[in-house]
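Here is how the chains run, residue by residue.
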Amino acid sequence: MAAARELPDPFGRLAIEILARTGMRKGELLGLTTDAVVQIGSAYWLRIPVGKLHNDRYVPLHPQLKTMIDNWLEQRPDWQNSHLLFTDRGRPIPPTRVDHAVQTAATAAGIGHVHPHQLRHTLATQAINRGMSLEAIAALLGHKTMSMTLVYARIADRTVADQYFTVTEKVQALYQQQQPAMLPAADEPAPMRKLRAEHSKRMLGNGFCTRPAELECHYETICESCTFFVTTIEFRPTLQAQRDDAARKGQSGRQKVYDGLLQRLADTAT
């Protein structure tokens, strides 16, 4: 991705970012229209047109990617009479240009031959290894059956096995000591520590949320967004902490909600 951001072709830079962040197919990328970005609640989504499985779908749009698409549209000549998002001199961009951009970045990064569809597999593997549910991945990728998504579960099994054997080797070393000892907390895998920390914070009335922290959810501040929501000055520290948490995670929509509440408190105080 670092090599991709250094490509001289602006289309190549944007195409790789979209493929890597959304898991789209190459054909779906080139079929995007100029009105593909839509706002639902406080978040922005990307509408992916009918593909080979004949089902339109919407995928969350990262704020940085939203900015990149906006910049592309601003620089797009007005005379181009096409509803397609990606055109060159008024004509649709050919699939070979996507292939060339991906391979150029891969060569610069020193990782050999890479084709665009591998970015889709990479996103799914990264997501499942970090706790995203199979159902959510299936919806993100537009899979019609769960059997297509289960491929990534088998990939994740290898990651689980690697972590298991890493920890069990340390446990076995403790068993061989003459004096009993406690397993250091640092030996707990990072994903498990993160899950343990998130569990109590993300409890719901009938379960708990497993959404990865880096993905924005416009339901997360559903009460704060309601017109009947009332807050007072004693809650300002909590609201400020929520606002700062949203800023750290890049959740612009959630941050905007808390910015508005804090401004309302400031106006009331004055």
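Residues numbered from 1 in each chain as written. Predicted model: local features only at pLDDT ≥ 70, side-chain atom pairs only at ≥ 80, totals over all residues. Heavy atoms only, no water.

1. Focus on the overall build of the protein chain
Step number 1: Looking only at helices and strands, the protein chain has ten helices and seven strands in total.
Step number 2: Residues classed as buried in the protein chain amount to 34% of the 270 residues present.
Step number 3: A separation threshold of at least 6 residues defines the contact pool for the protein chain, and within that pool the share at least 24 residues apart is 50%.
Step number 4: With an accessible surface of roughly 16,700 Å², the protein chain has 58% of that area assigned to carbon and sulfur atoms. (Helix = DSSP H or I, 4+ residues; strand = E, 2+ residues; numbered from the N terminus. Buried < 20%, exposed > 50% of the residue type's maximum accessible area, 1.4 Å probe, protein only. Contact = heavy atoms within 4.5 Å. Areas by Shrake-Rupley, 256 points an atom, 1.4 Å probe, with all protein chains shown as cover.)

2. Examining the side chain of Arg-25
Step number 1: Within the secondary structure, Arg-25 is located in the loop between helix H1 (10-22) and helix H2 (26-30).
Step number 2: At 2.6 Å, the side chain of Arg-25 forms a polar contact with the side chain of Glu-28. (Polar contact = N/O pair within 3.5 Å; in protein donor to acceptor, adjacent residues only side chain to side chain.)

3. A word on the nonpolar core
The nonpolar side chains of soluble globular proteins are, as a tendency, buried together.
Step number 1: Ranked by internal contacts, the top residues of the largest apolar core, which has 38 residues, are Leu-29 and Phe-86.
Step number 2: At the level of secondary structure, the elements contributing two or more residues to this core comprise H1, H2, strand S2 (43-48), helix H3 (63-75), helix H4 (95-109), helix H5 (117-129) and helix H6 (134-141).
Step number 3: Looking at this core element by element, the count peaks at six residues for H1.
Step number 4: Residues contacting Phe-86, with those up to four places away along its chain left out, are Phe-11, Leu-14, Ile-18, Leu-29, Leu-32, Trp-72, Pro-92 and Ile-93.
Step number 5: Residues Leu-239, Val-257, Tyr-258 and Leu-261 belong to the second largest nonpolar core, which totals six residues. (Core = buried A, V, L, I, M, F, W, Y, C linked by side-chain atoms within 4.5 Å.)

4. Regarding the pattern of salt bridges
Two side chains carrying opposite charge are able to pair once their charged atoms lie near each other.
Step number 1: By the definition in use, this model includes 14 salt bridges.
Step number 2: A salt bridge links Arg-47 to Asp-35, with the nearest nitrogen and oxygen atoms 3.5 Å apart. On the criterion of sequence distance, the pair formed by Arg-47 in strand S2 and Asp-35 in the loop between H2 and strand S1 (37-40) is long-range, its members being twelve residues apart.
Step number 3: Three or more residues joined by partner-sharing salt bridges are found here, namely Asp-9, Asp-88, Arg-89 and Arg-97. (Salt bridge = Lys/Arg side-chain N within 4 Å of Asp/Glu carboxyl O.)

5. Some points on the environment of Leu-239
Step number 1: Within the secondary structure, Leu-239 sits in helix H9 (residues 236-248).
Step number 2: Ignoring sequence-local partners within four residues, the contact set of Leu-239 consists of Thr-231, Tyr-258, Leu-261, Leu-262 and Leu-265.

6. Focus: H9
Step number 1: Helix length check: H9 (13 residues) gives 18 Å between terminal C-alpha atoms against 18 Å at 1.5 Å per residue, within 8%.
Step number 2: What H9 keeps buried is the set Leu-239, Asp-245 and Ala-246. Down the axis of H9, the sector holding all buried residues measures 120°, keeping them to one side. For H9, the exposed residues lying more than 90 degrees away from the buried face are Pro-237 and Arg-248.
Step number 3: A positive backbone phi angle near 70° is found at Gly-250, which sits one or two residues after H9. (Expected span 1.5 Å × (residues − 1). Arc of directions from axis to C-beta.)

7. Considering the pairing of S1
Step number 1: Where S1 meets S2, four bridges bridge the pair, whose relative direction is antiparallel. Each residue of the ladder has a partner; that of Val-38, found in S2, is Trp-45.
Step number 2: If you look at the hairpin formed by S1 and S2, you'll find two residues sitting between the two strands, and Gly-41 has a positive phi there, around 65°. (Pairing = 2+ DSSP bridges.)

8. Details of H6
Step number 1: Along H6, the residues classified as buried are Ile-137, Ala-138, Leu-140 and Leu-141. With its buried residues spanning 165° around the axis, H6 presents them on a single face. In H6, the exposed positions that point more than 90 degrees away from the buried face belong to Glu-135 and Ala-139.
Step number 2: After H6 finishes, the residue Gly-142 shows a positive phi value of roughly 75°.

9. Considerations on the pairing of S2
Step number 1: The buried count for S2 comes to five of six residues, which makes it a mostly enclosed element.
Step number 2: As defined by bridge partners, S2 adjoins strand S3 (residues 57-60) across four bridges and the pair is classed as antiparallel. Within S3, the position partnered with Leu-46 by the bridge is Val-59.

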